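Architecture at a glance
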Amino acid sequence: MHACAFKDSYSLPTAVPSATELLLYRKDHFHLRAERSWRCLADVENDPRIDADIVVSRWTDIRTVCRQVRAPSSLRHVISVALKPTYVKITRDSLTVFDGPMLAGTLHIAGPGKALAAEFRDPCDFLHLHVSSGYLRKCREQAGLSRTLGVLNDLIIRDPLAELLGQTLIANAAASDGAYADCFGQTLTMHIARLGNARKAANALPNWRLRRVHEYVDEHLAESIGLADLAEAAGLSRMHFAAQFRVATGYPPHHYVLHRRIDHAKELLSGTHLPLVEVALAVGFQEQSHFSTVFKRFTDETPARWRRTAMAAISDRSRQRPLVSPRHQEGALV
(Lines give C-alpha, C1' and ligand atoms only; values in the text may rest on other atoms or scores of the structure.)
Protein backbone atom coordinates (compact mmCIF):
# COMPACT_ATOMS: atom_id res chain seq x y z
CA MET A 1 0.00 0.00 0.00
CA HIS A 2 1.30 3.42 -0.85
CA ALA A 3 -0.04 6.88 -1.49
CA CYS A 4 0.79 8.61 -4.76
CA ALA A 5 0.73 12.12 -6.11
CA PHE A 6 -1.22 13.49 -9.02
CA LYS A 7 -1.49 16.89 -10.63
CA ASP A 8 -4.65 18.93 -10.71
CA SER A 9 -4.98 22.06 -12.81
CA TYR A 10 -7.87 23.33 -10.69
CA SER A 11 -6.95 26.10 -8.26
CA LEU A 12 -9.10 27.94 -5.76
CA PRO A 13 -9.27 31.75 -5.95
CA THR A 14 -7.10 33.28 -3.27
CA ALA A 15 -10.07 35.34 -2.07
CA VAL A 16 -11.91 32.21 -0.96
CA PRO A 17 -10.86 31.45 2.63
CA SER A 18 -11.05 27.70 2.25
CA ALA A 19 -8.52 25.11 1.17
CA THR A 20 -8.17 21.39 0.68
CA GLU A 21 -4.88 19.65 0.93
CA LEU A 22 -3.71 16.35 -0.49
CA LEU A 23 -1.16 14.34 1.45
CA LEU A 24 1.41 13.14 -1.06
CA TYR A 25 3.80 10.27 -0.47
CA ARG A 26 7.01 10.27 -2.49
CA LYS A 27 10.21 8.30 -2.16
CA ASP A 28 11.86 10.89 0.03
CA HIS A 29 9.10 12.99 1.65
CA PHE A 30 5.45 13.99 1.67
CA HIS A 31 3.83 17.41 1.75
CA LEU A 32 0.45 19.11 1.44
CA ARG A 33 -0.99 20.36 -1.82
CA ALA A 34 -4.29 21.82 -2.97
CA GLU A 35 -7.14 19.43 -3.71
CA ARG A 36 -10.04 20.17 -6.02
CA SER A 37 -12.93 20.50 -3.54
CA TRP A 38 -14.54 18.91 -0.48
CA ARG A 39 -13.77 15.15 -0.48
CA CYS A 40 -12.98 15.36 -4.19
CA LEU A 41 -9.76 13.95 -5.61
CA ALA A 42 -9.92 15.12 -9.22
CA ASP A 43 -9.90 12.17 -11.65
CA VAL A 44 -8.39 9.93 -8.99
CA GLU A 45 -10.23 6.90 -10.36
CA ASN A 46 -9.22 7.53 -13.98
CA ASP A 47 -5.66 8.78 -13.55
CA PRO A 48 -3.30 5.87 -14.27
CA ARG A 49 -0.75 7.41 -11.88
CA ILE A 50 -3.11 6.74 -8.97
CA ASP A 51 -2.77 3.12 -7.94
CA ALA A 52 -2.69 3.63 -4.19
CA ASP A 53 -4.85 1.59 -1.85
CA ILE A 54 -5.21 4.67 0.37
CA VAL A 55 -5.07 8.37 -0.52
CA VAL A 56 -5.21 10.84 2.37
CA SER A 57 -6.49 14.38 1.90
CA ARG A 58 -7.27 17.33 4.16
CA TRP A 59 -10.11 19.86 3.93
CA THR A 60 -10.05 23.05 6.00
CA ASP A 61 -12.49 25.96 5.87
CA ILE A 62 -12.20 28.90 8.27
CA ARG A 63 -15.46 30.59 7.31
CA THR A 64 -18.13 31.08 9.97
CA VAL A 65 -21.04 31.70 7.56
CA CYS A 66 -23.41 28.92 6.60
CA ARG A 67 -22.29 27.35 3.32
CA GLN A 68 -23.26 24.30 1.28
CA VAL A 69 -20.90 22.00 -0.57
CA ARG A 70 -21.30 18.83 -2.62
CA ALA A 71 -19.06 15.86 -3.28
CA PRO A 72 -19.47 13.55 -6.28
CA SER A 73 -19.76 9.81 -5.82
CA SER A 74 -16.51 7.87 -5.59
CA LEU A 75 -15.52 4.32 -6.39
CA ARG A 76 -13.76 4.23 -3.01
CA HIS A 77 -14.84 4.31 0.60
CA VAL A 78 -14.29 7.80 1.99
CA ILE A 79 -13.47 8.01 5.68
CA SER A 80 -13.74 11.45 7.31
CA VAL A 81 -11.94 12.33 10.54
CA ALA A 82 -12.91 15.61 12.20
CA LEU A 83 -9.80 17.39 13.48
CA LYS A 84 -11.73 20.17 15.23
CA PRO A 85 -15.30 20.61 16.51
CA THR A 86 -17.83 21.91 13.99
CA TYR A 87 -21.53 21.90 13.16
CA VAL A 88 -22.48 20.08 9.98
CA LYS A 89 -25.48 18.59 8.22
CA ILE A 90 -24.65 15.73 5.82
CA THR A 91 -27.27 14.41 3.41
CA ARG A 92 -27.41 11.79 0.69
CA ASP A 93 -30.31 12.33 -1.71
CA SER A 94 -33.28 12.91 0.61
CA LEU A 95 -31.70 11.08 3.56
CA THR A 96 -30.12 13.03 6.42
CA VAL A 97 -26.98 11.14 7.43
CA PHE A 98 -25.89 13.54 10.18
CA ASP A 99 -27.17 16.84 11.51
CA GLY A 100 -25.65 18.50 14.54
CA PRO A 101 -22.43 19.19 16.44
CA MET A 102 -19.43 17.06 15.54
CA LEU A 103 -16.58 16.86 18.03
CA ALA A 104 -12.94 16.37 17.11
CA GLY A 105 -12.22 12.69 16.55
CA THR A 106 -15.61 11.92 15.01
CA LEU A 107 -15.47 9.38 12.17
CA HIS A 108 -17.88 9.21 9.23
CA ILE A 109 -17.61 6.47 6.61
CA ALA A 110 -19.31 6.77 3.22
CA GLY A 111 -19.47 3.77 0.90
CA PRO A 112 -18.66 3.79 -2.82
CA GLY A 113 -21.20 5.42 -5.10
CA LYS A 114 -22.51 7.72 -2.36
CA ALA A 115 -22.83 11.33 -3.56
CA LEU A 116 -23.07 13.55 -0.49
CA ALA A 117 -23.99 17.15 0.26
CA ALA A 118 -22.99 19.04 3.39
CA GLU A 119 -23.98 22.26 5.09
CA PHE A 120 -21.29 23.71 7.35
CA ARG A 121 -22.14 26.40 9.91
CA ASP A 122 -18.76 26.66 11.65
CA PRO A 123 -15.10 26.48 10.65
CA CYS A 124 -14.02 22.92 9.97
CA ASP A 125 -10.94 20.77 9.50
CA PHE A 126 -11.14 17.20 8.19
CA LEU A 127 -8.85 14.43 7.10
CA HIS A 128 -10.29 12.17 4.39
CA LEU A 129 -9.04 8.69 3.66
CA HIS A 130 -10.01 7.47 0.18
CA VAL A 131 -9.69 3.70 0.54
CA SER A 132 -10.18 1.03 -2.11
CA SER A 133 -12.83 -1.58 -1.33
CA GLY A 134 -10.34 -4.35 -2.01
CA TYR A 135 -7.96 -3.06 0.63
CA LEU A 136 -10.76 -2.72 3.21
CA ARG A 137 -11.87 -6.29 2.53
CA LYS A 138 -8.30 -7.49 2.99
CA CYS A 139 -8.07 -5.63 6.32
CA ARG A 140 -11.26 -7.27 7.58
CA GLU A 141 -10.13 -10.68 6.36
CA GLN A 142 -6.80 -10.31 8.19
CA ALA A 143 -8.74 -9.44 11.35
CA GLY A 144 -10.80 -12.63 11.00
CA LEU A 145 -13.98 -10.70 10.14
CA SER A 146 -16.50 -10.98 7.34
CA ARG A 147 -15.37 -9.37 4.08
CA THR A 148 -18.79 -7.69 3.83
CA LEU A 149 -18.33 -3.90 3.92
CA GLY A 150 -21.97 -2.88 4.33
CA VAL A 151 -21.57 -2.66 8.10
CA LEU A 152 -19.20 0.26 7.60
CA ASN A 153 -21.44 2.40 5.40
CA ASP A 154 -22.71 5.56 7.14
CA LEU A 155 -20.99 4.58 10.36
CA ILE A 156 -20.61 7.68 12.56
CA ILE A 157 -18.73 7.36 15.80
CA ARG A 158 -16.33 9.39 17.93
CA ASP A 159 -13.00 7.62 18.16
CA PRO A 160 -10.11 8.86 20.37
CA LEU A 161 -7.52 6.88 18.38
CA ALA A 162 -8.58 8.50 15.11
CA GLU A 163 -8.27 11.94 16.73
CA LEU A 164 -4.83 11.16 18.15
CA LEU A 165 -3.49 9.74 14.87
CA GLY A 166 -4.92 12.63 12.85
CA GLN A 167 -3.49 15.33 15.11
CA THR A 168 -0.12 13.56 15.19
CA LEU A 169 -0.03 13.37 11.40
CA ILE A 170 -0.80 17.08 11.00
CA ALA A 171 1.81 17.99 13.61
CA ASN A 172 4.41 16.03 11.64
CA ALA A 173 3.30 17.13 8.17
CA ALA A 174 6.74 18.60 7.48
CA ALA A 175 8.58 15.42 8.44
CA SER A 176 11.07 14.05 5.95
CA ASP A 177 10.08 10.39 6.37
CA GLY A 178 7.42 9.54 3.78
CA ALA A 179 6.69 6.23 5.52
CA TYR A 180 4.97 8.27 8.27
CA ALA A 181 1.95 8.91 6.06
CA ASP A 182 2.03 5.30 4.90
CA CYS A 183 1.85 3.99 8.47
CA PHE A 184 -0.89 6.48 9.37
CA GLY A 185 -3.11 5.28 6.52
CA GLN A 186 -2.56 1.61 7.22
CA THR A 187 -3.06 1.88 10.98
CA LEU A 188 -6.24 3.95 10.85
CA THR A 189 -7.78 1.91 8.03
CA MET A 190 -7.15 -1.37 9.85
CA HIS A 191 -8.65 0.14 13.01
CA ILE A 192 -11.73 1.38 11.15
CA ALA A 193 -12.20 -1.92 9.32
CA ARG A 194 -12.82 -3.54 12.71
CA LEU A 195 -15.27 -0.92 13.96
CA GLY A 196 -18.26 -2.04 11.91
CA ASN A 197 -18.23 -5.42 13.62
CA ALA A 198 -18.99 -3.78 16.97
CA ARG A 199 -21.82 -1.65 15.59
CA LYS A 200 -24.98 -2.01 17.67
CA ALA A 201 -28.20 -2.82 15.94
CA ALA A 202 -30.80 -0.16 16.80
CA ASN A 203 -33.47 1.83 15.05
CA ALA A 204 -32.90 5.50 14.42
CA LEU A 205 -35.12 7.98 16.26
CA PRO A 206 -37.88 9.08 13.82
CA ASN A 207 -37.68 12.68 12.64
CA TRP A 208 -40.95 13.67 14.31
CA ARG A 209 -39.65 12.48 17.70
CA LEU A 210 -36.33 14.19 17.01
CA ARG A 211 -38.12 17.50 16.36
CA ARG A 212 -39.93 17.20 19.69
CA VAL A 213 -36.60 16.76 21.45
CA HIS A 214 -35.09 19.77 19.65
CA GLU A 215 -38.08 21.94 20.59
CA TYR A 216 -37.96 20.83 24.23
CA VAL A 217 -34.25 21.62 24.54
CA ASP A 218 -34.61 25.10 23.01
CA GLU A 219 -37.55 25.92 25.31
CA HIS A 220 -35.74 24.79 28.49
CA LEU A 221 -32.17 25.78 27.67
CA ALA A 222 -31.63 27.81 30.82
CA GLU A 223 -32.85 24.94 33.01
CA SER A 224 -31.40 21.60 34.06
CA ILE A 225 -32.12 19.02 31.34
CA GLY A 226 -31.67 15.34 32.07
CA LEU A 227 -31.97 12.17 30.01
CA ALA A 228 -35.37 11.45 31.56
CA ASP A 229 -36.66 14.84 30.37
CA LEU A 230 -35.51 14.22 26.80
CA ALA A 231 -36.90 10.69 26.76
CA GLU A 232 -40.26 11.95 27.99
CA ALA A 233 -40.30 14.63 25.30
CA ALA A 234 -39.68 11.92 22.70
CA GLY A 235 -42.25 9.58 24.24
CA LEU A 236 -39.81 6.72 24.87
CA SER A 237 -38.06 5.02 27.75
CA ARG A 238 -34.63 6.35 28.63
CA MET A 239 -32.85 3.23 27.35
CA HIS A 240 -34.60 3.15 23.98
CA PHE A 241 -34.38 6.92 23.54
CA ALA A 242 -30.62 7.11 24.17
CA ALA A 243 -29.88 4.30 21.70
CA GLN A 244 -32.17 5.62 18.97
CA PHE A 245 -30.98 9.22 19.40
CA ARG A 246 -27.38 8.17 18.96
CA VAL A 247 -28.15 6.16 15.81
CA ALA A 248 -30.08 9.11 14.34
CA THR A 249 -27.50 11.79 15.16
CA GLY A 250 -24.20 10.04 15.78
CA TYR A 251 -23.72 11.46 19.29
CA PRO A 252 -25.27 11.04 22.76
CA PRO A 253 -28.19 13.25 23.94
CA HIS A 254 -26.04 15.08 26.50
CA HIS A 255 -23.70 16.16 23.71
CA TYR A 256 -26.59 17.67 21.79
CA VAL A 257 -27.78 19.64 24.84
CA LEU A 258 -24.29 21.02 25.40
CA HIS A 259 -24.05 22.05 21.77
CA ARG A 260 -27.37 23.93 21.91
CA ARG A 261 -26.19 25.72 25.06
CA ILE A 262 -22.95 26.76 23.33
CA ASP A 263 -24.79 27.73 20.15
CA HIS A 264 -27.11 30.04 22.10
CA ALA A 265 -24.14 31.38 24.06
CA LYS A 266 -22.55 32.44 20.76
CA GLU A 267 -25.68 34.46 19.93
CA LEU A 268 -25.52 36.22 23.30
CA LEU A 269 -21.78 36.82 23.08
CA SER A 270 -21.98 38.39 19.62
CA GLY A 271 -25.31 40.20 20.05
CA THR A 272 -25.15 41.54 23.60
CA HIS A 273 -22.69 42.95 26.13
CA LEU A 274 -23.78 40.65 28.96
CA PRO A 275 -20.99 39.65 31.35
CA LEU A 276 -19.73 36.10 30.82
CA VAL A 277 -21.22 34.89 34.08
CA GLU A 278 -24.68 36.04 32.97
CA VAL A 279 -24.24 34.39 29.59
CA ALA A 280 -23.31 31.17 31.37
CA LEU A 281 -26.41 31.27 33.57
CA ALA A 282 -28.68 32.15 30.62
CA VAL A 283 -27.67 29.00 28.75
CA GLY A 284 -27.91 26.60 31.68
CA PHE A 285 -24.44 26.54 33.26
CA GLN A 286 -24.23 27.04 37.01
CA GLU A 287 -20.60 28.20 36.99
CA GLN A 288 -18.67 30.41 34.59
CA SER A 289 -15.63 28.14 34.83
CA HIS A 290 -17.62 25.12 33.65
CA PHE A 291 -19.13 27.19 30.85
CA SER A 292 -15.66 28.34 29.71
CA THR A 293 -14.32 24.77 29.75
CA VAL A 294 -17.18 23.39 27.64
CA PHE A 295 -17.15 26.40 25.29
CA LYS A 296 -13.45 25.92 24.54
CA ARG A 297 -13.96 22.19 23.99
CA PHE A 298 -16.57 22.95 21.32
CA THR A 299 -14.90 25.95 19.67
CA ASP A 300 -11.18 25.74 20.51
CA GLU A 301 -11.46 29.28 21.96
CA THR A 302 -12.41 30.83 25.29
CA PRO A 303 -15.73 32.75 25.39
CA ALA A 304 -13.90 36.07 25.82
CA ARG A 305 -11.63 35.51 22.84
CA TRP A 306 -14.50 34.23 20.70
CA ARG A 307 -16.52 37.36 21.56
CA ARG A 308 -13.64 39.67 20.59
CA THR A 309 -13.24 37.91 17.26
CA ALA A 310 -16.98 37.96 16.54
CA MET A 311 -17.32 41.63 17.49
CA ALA A 312 -14.34 42.55 15.30
CA ALA A 313 -15.87 40.69 12.35
CA ILE A 314 -19.20 42.49 12.80
CA SER A 315 -17.40 45.84 13.00
CA ASP A 316 -15.43 45.09 9.82
CA ARG A 317 -18.59 44.18 7.92
CA SER A 318 -20.24 47.41 9.04
CA ARG A 319 -17.31 49.50 7.81
CA GLN A 320 -17.24 47.68 4.47
CA ARG A 321 -20.98 48.12 3.83
CA PRO A 322 -21.43 50.69 1.00
CA LEU A 323 -23.07 53.93 2.02
CA VAL A 324 -26.19 54.95 0.08
CA SER A 325 -27.00 58.65 -0.06
CA PRO A 326 -30.57 59.81 0.72
CA ARG A 327 -30.86 60.93 -2.89
CA HIS A 328 -30.00 57.44 -4.16
CA GLN A 329 -32.41 55.88 -1.67
CA GLU A 330 -35.18 58.19 -2.86
CA GLY A 331 -34.45 57.36 -6.51
CA ALA A 332 -34.50 53.64 -5.74
CA LEU A 333 -38.03 53.91 -4.41
CA VAL A 334 -39.44 55.66 -7.44
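Everything below is about the structure printed above this text.
As the structure is a prediction and not an experimental result, all values here were calculated from the model.

**Considerations on the overall build of the protein**
Scanning the protein from terminus to terminus reveals 11 helices and 11 strands. Residues counted as buried form 44% of the 334 residues belonging to the protein. Roughly 17500 Å² of accessible area belongs to the protein as shown, and the carbon and sulfur atoms make up 52% of that amount.

**Looking at unusual backbone geometry**
The phi dihedral of Arg 39 is positive, around 65°, even though this residue is not glycine. With respect to the helices, strands and loops of the structure, Arg 39 is situated in the loop between strand E2 (32–34) and strand E3 (54–61). With a relative accessible area of 7%, Arg 39 lands in the buried category. Although it is not a glycine, Asp 93 adopts a positive phi angle of roughly 60°. Its place among the elements puts Asp 93 in the loop between strand E6 (86–92) and strand E7 (95–102).

**Observations concerning the sheet that holds E6**
Across the sheet, which stays open at both edges, the 4 strands sit in the order E4-E9-E6-E7 with antiparallel pairing between neighbours. Single-partner strands in this sheet number two, and they are strand E4 (67–71) and E7. Here the strands of the sheet are splayed against their neighbours by 15° on average, with no regard to which way each runs. Across 7 bridges, E6 lies against E7 in antiparallel orientation. Across the sheet, the residue bridging to Val 88 is Gly 100, located in E7.

**Considerations on the pattern of salt bridges**
According to the stated counting rule, one finds 11 salt bridges in the structure shown. As a salt-bridge pair, Asp 125 and Arg 58 come within 2.7 Å of each other at their nearest N and O atoms. With a gap of 67 residues between them, Asp 125 in strand E10 (residues 124–131) and Arg 58 in strand E3 connect regions that are remote in the sequence. This pair shows no difference in class: Asp 125 is buried, exactly as Arg 58 is. Linking Arg 121 and Glu 119 is a salt bridge whose minimum nitrogen-to-oxygen distance equals 3.2 Å. Residues participating in the shared-partner salt-bridge network are Asp 61, Arg 63 and Arg 67.

**Examining the packing of helix H5 (residues 227–234) against helix H6 (residues 238–249)**
Contact geometry of H5 with H6 gives a least axis separation of 9 Å together with a crossing angle of 85°. By the angle class used here, H5 and H6 are roughly perpendicular. Here H5 contributes Leu 227, Ala 228, Leu 230, Ala 231 and Ala 234 to the contact with H6, which in turn contributes Arg 238, Phe 241 and Ala 242. Tallied by class, residues from the contact of H5 with H6 come to 7 nonpolar, no polar and 1 charged.

**Section: the nonpolar core**
Counting 34 residues, the largest nonpolar core has Trp 38, Phe 120, Val 217, Leu 230, Phe 241 and Phe 245 as its most contacted members. Contact partners of Phe 241, with chain neighbours within four places excluded, come to Leu 205, Val 213, Leu 227, Leu 230, Ala 231, Ala 234, Leu 236 and Pro 253. Among the nonpolar cores identified, the runner-up in size contains 24 residues, and Ile 79, Leu 152, Leu 188 and Met 190 belong to it.

**Brief notes about the packing of aromatic side chains**
On inspection of all chains with the given rule, the structure shows 7 aromatic pairs. Geometrically, the ring pair formed by Phe 241 and Phe 245 is tilted, given 5.5 Å between the ring centres and 45° between the ring planes. Separated by 4 residues within a single helix, Phe 241 and Phe 245 lie in helix H6, roughly one turn from each other. In this structure, Phe 241 and Phe 245 share a single accessibility class: buried.

**With respect to helix H4 (residues 207–219)**
For H4, which comprises 13 residues, the first-to-last C-alpha distance of 18 Å matches the rise-based estimate of 18 Å (1.5 Å per residue) to within 8%. For H4, the set of buried residues is Arg 209, Leu 210, Val 213, Tyr 216 and Val 217. Viewed along the axis of H4, the buried residues span an arc of 125°, placing them on a single side of the element. Those residues of H4 that are exposed and angled more than 90 degrees off the buried face are Asn 207 and Glu 219. Buried residues along H4 sit against H5, H6 and helix H7 (253–271).

So, how was this worked out
- Residues numbered from 1 in each chain as written.
- Predicted model: local features only at pLDDT ≥ 70, side-chain atom pairs only at ≥ 80, totals over all residues.
- Heavy atoms only, no water.
- Helix = DSSP H or I, 4+ residues; strand = E, 2+ residues; numbered from the N terminus.
- Buried < 20%, exposed > 50% of the residue type's maximum accessible area, 1.4 Å probe, protein only.
- Areas by Shrake-Rupley, 256 points an atom, 1.4 Å probe, with all protein chains shown as cover.
- Pairing = 2+ DSSP bridges.
- Axes fitted to C-alpha atoms, helices over the stretch in contact; angles between N-to-C directions.
- Salt bridge = Lys/Arg side-chain N within 4 Å of Asp/Glu carboxyl O.
- Parallel < 35°, antiparallel > 145°, perpendicular 65-115°, else oblique.
- Contact = heavy atoms within 4.5 Å.
- Nonpolar A, V, L, I, M, F, W, Y, C, P; charged D, E, K, R; others polar.
- Core = buried A, V, L, I, M, F, W, Y, C linked by side-chain atoms within 4.5 Å.
- Phe/Tyr/Trp six-rings, centres within 6.5 Å; stacked < 30°, edge-to-face > 60°.
- Expected span 1.5 Å × (residues − 1).
- Arc of directions from axis to C-beta.

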